[in-house]
Amino acid sequence: VLARVLESAASRQLVPLLRRYVFEPYGLARTTFEPARVLGPYLHGHERALRDGIATGRYRDTDRRTVRTSWAAAAAVSTAADLDRFFSRLLASDVGRRMRPRGEARYGLGLARFDTECGPVVGHTGNVLGMVTVVWVRGDRVLVAGANAYPMTPAQETAFGALLTRAFCG
């Protein structure tokens, strides 16, 4: 809905707005907006069916599917380096400071607080089409991690959580 409001207010489509106000100013040379099928080399997501909230069956490549139904909420395709650059710059800015969760809140305006073994971090996570992306930031330390299988089994989720903690906390 917010993307449609932006398009209406600016009398322009979302892609040029993203390029002008996000991708170019933040130096995101390898980030694009891809609501249709992603072409070229990229990490493929793999999904399993859910039955009563439990992942079952075999993983299936989601290559032939698109994020049209999620559109502006999930159609950015990026690299770890661009995500690092974006979150580092965003969180150093006034806008980023206003987006952070306040007090004991877990979620702010697009940014969340995560409690880790080495203290709280700020960042964002997302999953779509069998992909999970995690970005954690504290000070000048940034973690960008991804997995190309979702939903995960409990064992995979535990292992992924341990990987995130070890990578960020050392």
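Up top is the structure these notes are about.
Residues numbered from 1 in each chain as written. Predicted model: local features only at pLDDT ≥ 70, side-chain atom pairs only at ≥ 80, totals over all residues. Heavy atoms only, no water.

## So, the pairing of strand β7 (residues 131-138)
For clarity, the cut-off: Here the term buried applies to any residue with accessible area under 20% of the maximum for its type, exposed to any over 50%, and partly exposed to those in between, with areas from a 1.4 Å probe on protein chains only. Strands are runs of DSSP state E lasting at least two residues, helices are runs of H or I lasting at least four, and both sets are numbered from the N terminus onward. Paired strands, in this sense, are two strands between which DSSP finds at least two bridges.
Within β7, six of the eight residues are buried, which leaves the element mostly enclosed by the surrounding structure. Pairing analysis gives seven bridges linking strand β6 (residues 119-128) to β7, with the strands arranged antiparallel. Paired with G126 across the strands is T133, a residue of β7. Hairpin remark: β6 followed by β7, antiparallel, with two residues in the connecting loop; positive phi at L129, about 50 degrees. What sits between β7 and strand β8 (residues 141-147) in their antiparallel hairpin is a turn of two residues, with G139 showing a positive phi close to 60 degrees.

## Structural notes on the state of the cysteines
The condition that has to hold: Pairs of cysteine sulfur atoms within 2.5 Å are identified as disulfides in what follows.
In total, this model carries one disulfide according to the counting rule given. Here C118 connects covalently by a disulfide to C169, the sulfurs 2.2 Å from one another. Note on the C118 and C169 pair: the S-S dihedral is about -70 degrees, so by sign convention the disulfide is left-handed. Placement of the pair is C118 in the loop between β5 (112-116) and β6 and C169 in helix α5 (residues 154-169), with a sequence separation of 51 residues. Residue C169 is classed as partly exposed on the basis of its relative accessible area, which comes to 21%.

## Description of the pattern of salt bridges
Applicable threshold: For this document, the term salt bridge refers to a Lys or Arg side-chain nitrogen within 4 Å of an Asp or Glu carboxyl oxygen.
Per the counting criterion, the structure on display carries seven salt bridges. Taking the shortest distance from any N to any O, the salt bridge between R106 and D115 comes out at 2.8 Å. Classification of R106 by relative accessible area gives partly exposed; the value is 44%. The exposed category is assigned to D115, whose relative accessible area is 51%. Put simply, R106, R113 and D115 are held in one network by salt bridges that share partners.

## Digging into the packing of aromatic side chains
Quick note on the threshold: Only Phe, Tyr and Trp rings are paired, with Trp represented by its six-membered ring, and only when their centres lie within 6.5 Å; those with planes under 30 degrees apart are stacked, over 60 edge-to-face, the remainder tilted. By definition, being over a ring means that NZ of Lys or CZ of Arg is both within 6 Å of the ring centre and within 35 degrees of the ring normal.
Under the criterion given, the structure shown has five aromatic pairs. Ring geometry for F33 against W71: centres 6.1 Å apart, planes inclined by 85 degrees, an arrangement best described as edge-to-face. You can see F33 sitting in strand β1 (residues 32-33) and its partner W71 sitting in the loop between β3 (54-61) and β4 (76-77), a full 38 residues away along the chain. W71 carries the same exposure label as F33, and that label is buried. Seen in terms of ring centroids, W136 and F168 are 6.0 Å apart; in terms of plane orientation they differ by 80 degrees. Their pairing is edge-to-face. With a gap of 32 residues between them, W136 in strand β7 and F168 in helix α5 connect regions that are remote in the sequence. Of the two residues, W136 and F168, both sit in the buried class. Cluster of aromatic residues (ring-pair linked, three or more members): Y26, F86 and F87. A cation over a ring is seen here: R4 above W71, with NZ or CZ 4.3 Å from the ring centre.

Honestly, that's just the spatial picture; any functional story needs more than this.
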